[in-house]
Amino acid sequence: MDNSIYVTLSRELALFRDMDVAANNIANSNTTGYTSEHMMFNSYLSKDINQGQQNPMNFAYNASTYRNTENGSLRVTGNDLDVAIQGNGYLTVETPLGDRYTRAGNLQVDGAGTLVNADGYPVMDASGQHINFPENVTSIKIGEAGNIKVNGEDFGSIGVVEFSNPQLLERLSGTLFKSSVPPQPSENFRLAQGMLENSNVQAVPELTHMITLTHTVADTAKFIEMIYDLERKTSTTWAQQS
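Figured I'd write up the structure that's included with this text. (Residues numbered from 1 in each chain as written. Predicted model: local features only at pLDDT ≥ 70, side-chain atom pairs only at ≥ 80, totals over all residues. Heavy atoms only, no water.)

### Some words on the overall build of the chain
A tally of helices and strands in the chain yields two helices and 17 strands. The proportion of buried residues among the 242 residues of the chain is 36%. Excluding contacts between residues fewer than 6 apart, the proportion of contacts in the chain whose partners are at least 24 apart in sequence is 63%. A total accessible area of about 13900 Å² is found for the chain, and carbon and sulfur atoms account for 51% of it. (Helix = DSSP H or I, 4+ residues; strand = E, 2+ residues; numbered from the N terminus. Buried < 20%, exposed > 50% of the residue type's maximum accessible area, 1.4 Å probe, protein only. Contact = heavy atoms within 4.5 Å. Areas by Shrake-Rupley, 256 points an atom, 1.4 Å probe, with all protein chains shown as cover.)

### Looking at the nonpolar core
Leu-107, Leu-115, Ile-148 and Ile-158 are the most contacted members of the largest nonpolar core, which has 19 residues in total. When residues of this core are traced back to their parent elements, those giving at least two are strand S4 (83-87), strand S5 (90-95), strand S9 (140-142), strand S10 (147-150) and strand S16 (189-193). (Core = buried A, V, L, I, M, F, W, Y, C linked by side-chain atoms within 4.5 Å.)

### Observations concerning the sheet that holds S9
Strand order in this open sheet of three strands is S9-S10-S11, and the pairing throughout is antiparallel. Among the strands making up the open sheet, the edge pair consists of S9 and strand S11 (153-157). Strand-to-strand twist in this sheet, taken as the mean axis angle between neighbours without regard to direction, amounts to 25 degrees. Taken together, the three bridges between S10 and S11 define a ladder with antiparallel strand orientation. Residue Val-150 lies in a different strand from S11, and its bridge partner there is Glu-153. (Pairing = 2+ DSSP bridges. Axes fitted to C-alpha atoms, helices over the stretch in contact; angles between N-to-C directions.)

### Things to note about the packing of aromatic side chains
Per the stated rule, a full pass over the model turns up four aromatic pairs. With a centroid separation of 5.8 Å and an interplanar angle of 70 degrees, the aromatic rings of Tyr-90 and Phe-163 are classed as edge-to-face. With Tyr-90 in strand S5 and Phe-163 in the loop between strand S12 (160-162) and strand S13 (170-171), the pair connects residues that are 73 residues apart, well separated along the chain. No difference in accessibility class separates Tyr-90 from Phe-163, as the two residues are buried. Pairing Tyr-101 with Phe-163 gives two aromatic rings, centres 5.0 Å apart and planes at 80 degrees, and the pair type is edge-to-face. Of the two residues, Tyr-101 sits in strand S6 (residues 98-102) while Phe-163 sits in the loop between S12 and S13, which places them 62 residues apart along the sequence. (Phe/Tyr/Trp six-rings, centres within 6.5 Å; stacked < 30°, edge-to-face > 60°.)

### Here's the deal with the pairing of S10
Alternating residues of S10 divide into Ile-148 and Val-150, all buried, and Asn-147 and Lys-149, none buried. As paired elements, S9 and S10 share three bridges and run antiparallel to each other. Bridged to Ile-142 within S10 is Ile-148. Linking two consecutive strands that pair antiparallel, namely S9 and S10, is a turn of four residues; a positive phi of about 90 degrees is found at Gly-146 within it. Linking S10 to S11, which pair antiparallel, is a turn of two residues; within it Asn-151 sits at a positive phi near 55 degrees.

As structure tokens, this is what we get:
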């Protein structure tokens with residue numbers, strides 16, 4: 001196969017990966033606490049097996065993805081159990097597979113009186129324990145530091161943690177992450193009760209990027225088809241002359 005096809009295919013594969021990332025961002029543009037992802041591309045030189053260093057080939061590859069960790073805008077819900085994290089930080093939730101981390105603060109109380117996230121996982125307090133409310137709750141107030149008041153009396157606090165390098169968090173679902181590095185208590189955050197953090201996806205630029213990618217993929221496919229056509233014509237001409 002012609003080297004130009006190999007090089008072009010490497011770019012085509014990178015474009016497909018970029019389309020997957022953009023599509024996921026668009027699908028989560030209304031997901032509470034979602035942080036968008038973006039591709040990091042790179043290139044590398046490879047020896048031409050026929051000409052060695054005299055004709056190196058420049059291949060493209062999708063090196064990795066990175067997350068935009070900027071805070072999303074806030075929206076008012078008026079729900080006492082909704083909290084938005086302003087600044088650095090994640091809530092810790094307990095799952096059957098271990099602790100996971102999220103910025104989605106749409107919380108609720110389950111049938112046992114335990115504070116849980118939207119997936120039903122218990123939210124941990126500052127000491128790593130479940131937050132269990134009594135039956136006779138008439139009011140819940142959550143302060144900016146995560147401190148909870150139930151019926152006007154102090155009742156523990158919601159734990160908020162942070163990571164020295166949040167890019168190392170592994171996304172498991174839209175807003176749920178796991179980490180191989182233990183977190184530290186966050187010191188630079190505020191909780192806003194009765195509010196939720198919107199996705200930080202910018203829908204219009206993402207849609208524009210997707211359209212651009214679609215056109216580029218189509219153009220690249222046409223270029224590959226053109227190379228194949230030239231090779232077929234060359235082979236036919238060579239066979240006729242022979």
